[in-house]
Amino acid sequence: MSLQSMTGFARTEGRAECGAASGKWIWELRSVNSKGLEIRFRLPAGLEGGESDYRRAIGARLTRGNVQASLQFERDAGASVPVVNQAALEAVLSAIARIGRELGSPPPAAEAILQIRGVMEPGEGEIGQEEIDTRNAAILNGLEVAAAALAQVRASEGAAVANVLLGQVRAISGLVEKVEADPSRSPEAIRERLRAQLAVLLSEPSAIDPQRLHQEAAILATKADLREEIDRLHAHVEAAKALLTGPGPAGRKLDFLAQEFNRECNTICSKSNAASVTACGLEMKVLIDQFREQVQNIE
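The rules behind these values
- Residues numbered from 1 in each chain as written.
- Predicted model: local features only at pLDDT ≥ 70, side-chain atom pairs only at ≥ 80, totals over all residues.
- Heavy atoms only, no water.
- Helix = DSSP H or I, 4+ residues; strand = E, 2+ residues; numbered from the N terminus.
- Buried < 20%, exposed > 50% of the residue type's maximum accessible area, 1.4 Å probe, protein only.
- Contact = heavy atoms within 4.5 Å.
- Areas by Shrake-Rupley, 256 points an atom, 1.4 Å probe, with all protein chains shown as cover.
- Axes fitted to C-alpha atoms, helices over the stretch in contact; angles between N-to-C directions.
- Parallel < 35°, antiparallel > 145°, perpendicular 65-115°, else oblique.
- Left-handed = near helix turned anticlockwise from the far one by under 90°.
- Nonpolar A, V, L, I, M, F, W, Y, C, P; charged D, E, K, R; others polar.
- Polar contact = N/O pair within 3.5 Å; in protein donor to acceptor, adjacent residues only side chain to side chain.
- Pairing = 2+ DSSP bridges.
- Right-handed = clockwise from strand over helix to strand, strands pointing away.

Engineer: Sorry if this is basic, but what is going on with the overall build of the chain here?
Structural biologist: Each helix and strand counted, the chain has 9 helices and 6 strands in total. Across the 299 residues in the chain, those meeting the buried criterion constitute 36%. For the chain, contacts bridging at least 24 residues in sequence account for 79% of all contacts bridging at least 6. For the chain, the accessible surface area stands at approximately 16900 Å², while carbon and sulfur atoms represent 55% of it.

Structure (structure tokens):
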């Protein structure tokens, strides 16, 4: 499976041909970023019982994202039988009687009462279990098609985001190489810098033992070396490229790598003793922030 984004939209519709249960269904799926897989449903009355099957159908296609799944189902007109809402009718008759007593007006005709909204409702005709099962299977199949379409949309967007991320990783790699090749990191430049600093210190009266001073200078020179940070950044670059071009979800691993990129970059900036290295480090931090922001959208 290719790299997927976590945002997308899919819509499918169709018909369930199953006698008295026949009707038109519409699935709409919307997906946005999330740490895990969160699925929320909006289902019409009478179809809530299929939620566990619907959840499994989406989970088979997606591993992360906040998914809003909406189902509409409209039964065929001939399959509905209007019925009286008894509670609504009694409330209407009670209000009519009260108003009639207050105004002394005659009661309205039955036809007028039945036209009041809520008194008559579309009801279910006689539906057999086989028809219900056929309808539910058609709706579930429609959801599987919608989930596949959503996964495809997310994969297409994921491919585009992956290209952006690869470009950022290559730019980070270029800056690491620039830091590595910086003249300030050459042994000669380091020795000369330390020699100048020691000369200033030793030219002034001091109680510091010269041998101890040289030892401390050697320790400082070791701490200022960027070799380990550069090597780790090279390794992180290769790991990011492998994740971006490999199969399967990689969002969590890429987010971890972004943190590691940032850690090594901060260390380089803190150790830097050359303006050119610091400038590369700051430019790298901007790229890493952009990289991490894009990674939040990857499954």
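Next, the rest of the story.
Engineer: Mind showing me how you'd approach the packing of helix H4 (residues 129–180) against helix H7 (residues 227–245) here?
Structural biologist: To characterise two packed helices, one gives the angle between the axes of the helices and the distance between these axes. Relative orientation of the contacting elements H4 and H7 amounts to 160°, with a least axis distance of 10 Å. One way to sum up the angle between H4 and H7 is to call them roughly antiparallel. Both H4 and H7 take part in a crossing whose hand is left-handed. Between H4 and H7, the contacting residues are Ala 162, Leu 165, Leu 166, Val 169, Arg 170, Ile 172, Ser 173, Val 176, Glu 177, Val 179 and Glu 180 on the first element and Arg 227, Ile 230, Leu 233, His 234, Val 237, Ala 240, Lys 241, Leu 244 and Thr 245 on the second. Split into classes, the residues belonging to the contact of H4 with H7 amount to 12 nonpolar, 3 polar and 5 charged.

Engineer: Sorry, what's going on with the side chain of Glu 229 here?
Structural biologist: Tracing the chain through its elements places Glu 229 in helix H7. On the basis of relative accessible area, Glu 229 is assigned to the buried category, the value being 4%. Residues within four places of Glu 229 in sequence aside, it is in contact with Glu 264, Thr 267, Ile 268 and Lys 271.

Engineer: I tried to follow the environment of Glu 157 on my own but got confused; where do I start?
Structural biologist: Secondary-structure assignment places Glu 157 in helix H4. Residue class for Glu 157 comes out partly exposed when judged on its relative accessible area of 30%. Along the chain, Glu 157 and Ser 5 lie 152 residues apart, while their C-alpha atoms are 5.7 Å from each other. Dropping the residues within four chain positions of it, Glu 157 is found in contact with Ser 5, Thr 7 and Asn 297. A polar atom in the side chain of Glu 157 sits 2.7 Å from the side chain of Thr 7.

Engineer: Before we go on, may I ask you to explain the pairing of strand S4 (residues 65–75) in this structure?
Structural biologist: When a strand is regular, its side chains alternate between the sheet's two faces. Extensive coverage of S4 is indicated by the burial of 8 of its 11 residues. Examined bridge by bridge, strand S2 (residues 23–32) and S4 share 10 bridges and lie antiparallel to one another. Residue pairing for S4: Leu 29 is matched across the bridge by Ala 69. Pairing of strand S3 (residues 37–42) with S4 involves 6 bridges; the strand directions are parallel. Across the sheet, the residue bridging to Arg 42 is Ser 70, located in S4. Note that the unit made of S3, helix H1 (residues 51–59) and S4 has a crossover that is left-handed.

Engineer: What's the story with the side chain of Ser 22 in this structure? I'm lost.
Structural biologist: Looking at the element boundaries, Ser 22 is found in the loop between strand S1 (8–16) and S2. You can call Ser 22 buried: its relative accessible area is 5%. Polar contacts involving the side chain of Ser 22 include one to the main-chain carbonyl oxygen of Ala 16, which spans 3.5 Å. Looking at Ser 22, its side chain comes within polar contact range of the main-chain nitrogen of Cys 18, at 2.7 Å. Excluding residues that lie within four positions of it along the chain, Ser 22 makes contacts with Arg 15, Ala 16, Glu 17, Phe 73, Arg 75 and Asp 76.

Remember, this is a structural readout, not a statement about activity or role.
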